[in-house]
Amino acid sequence: MSFETMGDQRRGTCQVLGRVDHRARLVVERRINGAGSHPRQAYPCNELIVMLEGRAVVRRSGDGRDEKCLAGAGTAWTGPVGFMEKAELSEAISCLHVCLPPALIEHSALADYGIDASLIELAFVGGLADPLLVTFARAFEGMLVRPQLPTDRLFVDGLTTALAAHLIANYTVDRWKPSTAARKLDERRLRRVTDYIDAHYAEPIPLERLAAEACLSPFHFARLFREATGLAPHRYVTERRVRAAREALALDRATLHEVAVEQGFGSQDNFTRVFRRSTGMTPGQYRAMFRR
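Residues numbered from 1 in each chain as written. Predicted model: local features only at pLDDT ≥ 70, side-chain atom pairs only at ≥ 80, totals over all residues. Heavy atoms only, no water.

A.B. asks: Help me understand the pairing of strand β6 (residues 65–72), please; the structure alone is not making it clear to me.
C.D. replies: A regular strand carries its side chains on alternate faces of the sheet. Across eight bridges, strand β5 (residues 55–62) lies against β6 in antiparallel orientation. In the sheet register, V58 faces β6, and the bridge partner there is C69. Counting the residues in the hairpin turn of β5 and β6 gives two residues, including D63, whose phi is positive at 55°. (Pairing = 2+ DSSP bridges. Helix = DSSP H or I, 4+ residues; strand = E, 2+ residues; numbered from the N terminus.)

A.B. asks: Is there a simple way to explain the pairing of β5 in this structure?
C.D. replies: Pairing between β5 and strand β8 (residues 84–89): four bridges, direction antiparallel. Each bridged residue has a counterpart across the sheet, and for R59 the counterpart in β8 is E88.

A.B. asks: Even after reading the chapter, I still don't get the layout of surface pockets, so can you show me in this structure?
C.D. replies: Unfilled space is identified by rolling a water-sized probe across the atoms. Computed from the structure, the second largest pocket encloses a volume of approximately 220 Å³. Taken together, 14 residues make up the lining of the second largest pocket; nearest its centre are V57, L70, L216, S217 and P218. Those elements that place two or more of their residues in the lining of the second largest pocket are β5, β6 and α6 (207–213). Considering only residue class, the lining of the second largest pocket consists of eight nonpolar, two polar and four charged. (1 Å grid on protein atoms, 1.4 Å probe; cavity = no way out; pocket = protein on both sides within 12 Å on 5 of 7 lines; lining within 4 Å. Points joined across faces, edges and corners; volume = space filled by probe spheres on them. Nonpolar A, V, L, I, M, F, W, Y, C, P; charged D, E, K, R; others polar.)

A.B. asks: I would appreciate a short explanation of the sheet that holds β5 in the present structure.
C.D. replies: The strands that make up a sheet pair up through hydrogen bonds in the backbone, lying either parallel or antiparallel. Pairing in this open sheet of four strands is antiparallel, and the strands run β3-β8-β5-β6 from one edge to the other. At either margin of the open sheet sits one strand with a lone partner, and together these are β3 (36–42) and β6. This sheet shows a mean twist of 15° between the axes of neighbouring strands, independent of strand direction. Where β3 and β8 come together, five bridges link them in antiparallel fashion. Within the sheet, the bridge partner assigned to A42 lies in β8 and is M84. (Axes fitted to C-alpha atoms, helices over the stretch in contact; angles between N-to-C directions.)

A.B. asks: I'm lost on the pattern of salt bridges in this one. Help?
C.D. replies: Where charged atoms from two side chains of opposite charge come close, those side chains can pair. Inspection of every chain in the model, using the stated rule, returns 17 salt bridges. The partner of R30 in a salt bridge is E53, and the shortest N-O contact between them spans 3.6 Å. In this pair, R30 sits in strand β2 (residues 26–33) while E53 sits in strand β4 (residues 46–53), placing the two residues 23 residues apart along the sequence. Judged by its relative accessible area of 44%, E53 falls in the partly exposed class. Linking D198 and R240 is a salt bridge whose minimum nitrogen-to-oxygen distance equals 2.8 Å. Residue D198 is found in helix α5 (residues 187–200), and its partner R240 is found in helix α8 (residues 233–251); the two are separated by 42 residues along the sequence. Under the relative-accessibility criterion, D198 is labelled partly exposed at 34%. Several salt bridges converge on common partners, so that one network encompasses R19, D21, E29, R31 and E47. (Salt bridge = Lys/Arg side-chain N within 4 Å of Asp/Glu carboxyl O. Buried < 20%, exposed > 50% of the residue type's maximum accessible area, 1.4 Å probe, protein only.)

A.B. asks: Teacher, can you tell me more about the nonpolar core here?
C.D. replies: Taken as a class, soluble globular proteins show a tendency for nonpolar side chains to be buried jointly. One finds L26, L133, F140 and L163 to be the most contacted residues of the largest nonpolar core, which totals 23 residues. Mapped onto this core, the elements with two or more residues apiece are β2, β4, β9 (93–100), α3 (131–141) and α4 (152–170). By size, the runner-up hydrophobic cluster in this structure holds 16 residues, among which are L190, F221, L224 and V237. (Core = buried A, V, L, I, M, F, W, Y, C linked by side-chain atoms within 4.5 Å.)

A.B. asks: Just checking my understanding: could you explain empty space enclosed by the protein for this structure?
C.D. replies: Tallied over the full model, the rule gives one cavity of 30 Å³ or more. Lining the largest cavity are 18 residues, and of these R10, N33, I49, E85 and H97 lie nearest its centre. If you list the elements that add at least two residues to the lining of the largest cavity, you get β2, β4, β5, β8 and β9. Considering only residue class, the lining of the largest cavity consists of 10 nonpolar, three polar and five charged.

A.B. asks: I tried to follow helix α10 (residues 268–279) on my own but got confused; where do I start?
C.D. replies: Compared with the 16 Å implied by 1.5 Å per residue over 12 residues, the 16 Å span of α10 between its first and last C-alpha is a close match. Taken together, the buried positions of α10 are occupied by F271, V274 and F275. Here the buried residues of α10 occupy an arc of 100° about the axis, which is enough to place them on one side. Exposed and oriented more than 90 degrees from the buried face of α10 are D269 and R277. A positive backbone phi angle near 85° is found at G280, which sits one or two residues after α10. (Expected span 1.5 Å × (residues − 1). Arc of directions from axis to C-beta.)

A.B. asks: Help me out: how do you make sense of the environment of R10 in this one?
C.D. replies: By the element assignment, R10 lies in the loop between α1 (6–9) and β1 (14–22). Classification of R10 as buried rests on a relative accessible area of 6%. The spacing of R10 and H38 is 28 residues in sequence and 7.4 Å in space, taken between C-alpha atoms. In this structure the side chain of R10 is engaged in a polar contact, spanning 2.9 Å, whose partner is the backbone oxygen of P39. (Polar contact = N/O pair within 3.5 Å; in protein donor to acceptor, adjacent residues only side chain to side chain.)

This is the structure we're talking about:
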């Protein structure tokens, strides 16, 4: 016999694409969680949610708590049983939902390991970047795309116990503490942002667009980008335009007005002002060096 999941309650805003039930101990669902508002409802079971693909701003609130993150593939959330949650999604996202009963694992198993069942209450946390949670989700996802096997019961029992142990060790209310480690903009995200700037510097580039490339909020992105490059994002874009303008001026094939427009400065007056501030020369003076 199965148990109810949040997907059953939110049929109007979620589409279940695949579902596997295992002896009332585990339900695995692949869902499309629709864009827009998802009504405030209580989780009927404990859920681990792992985003499989897409990118969206996800906001969840309940019990006086409010969380918001820019989510991408691998972002994870927990949904504790009984927690009243309202969700807002900027875009539809594909997620795997691993649904566990209220105790996470049987009380007898907890007793065998000397764990007090009264302390096992899953915390409401989101925006997690936990590679092990993603590994669990991908392993469970595999059951949705293949025929059932005689060994599935053994596979599910072992994997469910391992997942429950990880949740109990890291994400129960008595253990969960947000990370206080200083965050850095890793090389992969930084390269994605700078590659985007290289491809689009001649266009208007809002801060929000660059933050989306890094899968961060604009506030955190601006701080981390400056720490990584020594320049604020808008200053970095400006310097990239100046570099392109210097190359164009050296070639001496376009008018100053054409260079200003083609390299994203908007007008020749603005081009002259920005270029002089960056190089100490006007565009005309810089070009003259290559005409001698």
